[in-house]
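One-letter residues, chain by chain:
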Amino acid sequence: MMIMRAVLLFGLTLAFFFNGILTGTGGPAPTTGFELSAKTSQSVECNGAGAIPPASLVEFTLAPDNGKDFFDLSLVDGFNLPLTITPQGGSGPNCTTTRCQGDVNSVCPSELAIKGSGGDVIACKSACLALNEPQYCCTGSFGSPDTCKPSNSSNIFKGMCPQAYSYAYEDRTSTFTCSGGANYDIVFCE
């Protein structure tokens, strides 16, 4: 089950995705706004819709019973703001902070740029979003790690944010894991 929360901040959509169950401690959860009675759990499902791209994404697959969690930062749908995920607790060789602190908007090619009312670049589209071609979206005959390769724009994204996904098949450099029930700090615009 995927759980999502989207927040509108400065006219930009921020989306939080994770698989799992919310567990109550009695009272509203300060970081989600969900309120559960003490010692209860509730599944919350989203409608499958994500953020409105272009959007920098934080993605989680949380394992039950202190298993292995997977997490990443994704710019596959474009970039709108810097992000950082820092595990608190947990263990494993790849249980480390991942961050995208570069300002992709400052180097965004004009054909991918989204400009605000003042003319400043406020977001940068991915090549997939802008051009909707299989070679940029890793679909059709380009739908495998062997046939989908980074584009010029994904290389720009990767240069600014080396730990984030810039195209669909960057698992080796962009997927992080923690075992043992880690908690995660997520920081926007650090």
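Keep in mind that this is a model prediction, so the values were computed, not measured.

J.: Lay out the state of the cysteines in plain terms, naming residues and giving numbers.
T.: A full pass over the atoms with the stated rule returns five disulfides. Here Cys128 is linked by a disulfide to Cys137, with a sulfur-sulfur distance of 2.0 Å. Handedness of the Cys128-Cys137 disulfide follows from its S-S torsion of about 105°: it is right-handed. According to the relative accessible area criterion, Cys137 is buried, its value standing at 18%. With a sulfur-sulfur separation of 1.7 Å, Cys138 is cross-linked through a disulfide to Cys148. Linking Cys138 in the loop between helix H2 (134-137) and helix H3 (152-160) with Cys148 in the loop between H2 and H3, this pair joins segments that are 10 residues apart in sequence. Exposure class is identical for Cys138 and Cys148. Each is buried. Assigning the bonded cysteines of the chain consecutive numbers by sequence position, one obtains the connectivity 1-10, 2-9, 3-4, 5-6, 7-8.

J.: How would you explain the sheet that holds strand S14 (residues 183-188) if you had to name every residue and give the values?
T.: A sheet is described by the order of its strands in space; here three strands give the open sequence S10-S9-S14, paired in antiparallel fashion. Either end of the sheet is taken by a strand with one partner, and the two such strands are strand S10 (98-100) and S14. Adjacent strand axes in the sheet meet at a mean angle of 15° when their direction is disregarded. In terms of strand pairing, strand S9 (residues 83-88) meets S14 through six bridges, oriented antiparallel. Across the sheet, residue Thr86 finds its bridge partner in S14, namely Asp185.

J.: I'd love a proper account of unusual backbone geometry, names of residues and values included.
T.: Negative phi is the rule for most residues except glycine; trans is the rule for most peptide bonds. The omega torsion across Pro53 and Pro54 is 5°, close enough to zero to call that bond cis. Within the secondary structure, Pro54 is located in the loop between strand S6 (41-42) and strand S7 (57-61). In this structure, Asn132 takes a positive phi of about 50° despite not being glycine. As for its position among the elements, Asn132 is in the loop between helix H1 (127-131) and H2. In this structure, Cys138 is a non-glycine residue whose phi angle is positive, near 55°.

J.: Give a detailed account of the environment of Thr177, specifying residues and quantitative values.
T.: Note on placement: Thr177 falls in strand S13 (residues 176-179). Residues Thr177 and Thr96 lie 81 residues apart in sequence; the distance between their C-alpha atoms is 8.0 Å. For Thr177, the residues in contact, after removing those within four places along its chain, are Lys68, Asp69, Phe70, Phe71, Asn94 and Cys95.

J.: Pulling in residues and values, what's your account of the pattern of salt bridges?
T.: For the structure on display, the rule yields one salt bridge. Among the salt bridges present, the one from Glu170 reaches Lys158, with a minimum N-O distance of 3.2 Å. Here Lys158 lies in helix H3 and Glu170 lies in the loop between H3 and helix H4 (171-174), a separation of 12 residues in the sequence. We classify Glu170 as buried; its relative accessible area is 10%. By relative accessible area, which is 16% here, Lys158 ends up buried.

J.: So what's going on with H3? Which residues, and what values?
T.: All of the buried residues along H3 are Ser153, Ser154, Phe157 and Lys158. Buried residues of H3, seen end-on, are gathered within an arc of 140° and therefore sit on one face of the element. Seen from the buried face of H3, the exposed residues on the opposite side, beyond 90 degrees, are Asn152 and Gly159. Taken together, the buried residues of H3 touch strand S12 (121-124), H1 and H4.

Each value, and the rule that gives it
- Residues numbered from 1 in each chain as written.
- Predicted model: local features only at pLDDT ≥ 70, side-chain atom pairs only at ≥ 80, totals over all residues.
- Heavy atoms only, no water.
- Disulfide = S-S within 2.5 Å.
- Buried < 20%, exposed > 50% of the residue type's maximum accessible area, 1.4 Å probe, protein only.
- Helix = DSSP H or I, 4+ residues; strand = E, 2+ residues; numbered from the N terminus.
- Pairing = 2+ DSSP bridges.
- Axes fitted to C-alpha atoms, helices over the stretch in contact; angles between N-to-C directions.
- Contact = heavy atoms within 4.5 Å.
- Salt bridge = Lys/Arg side-chain N within 4 Å of Asp/Glu carboxyl O.
- Arc of directions from axis to C-beta.

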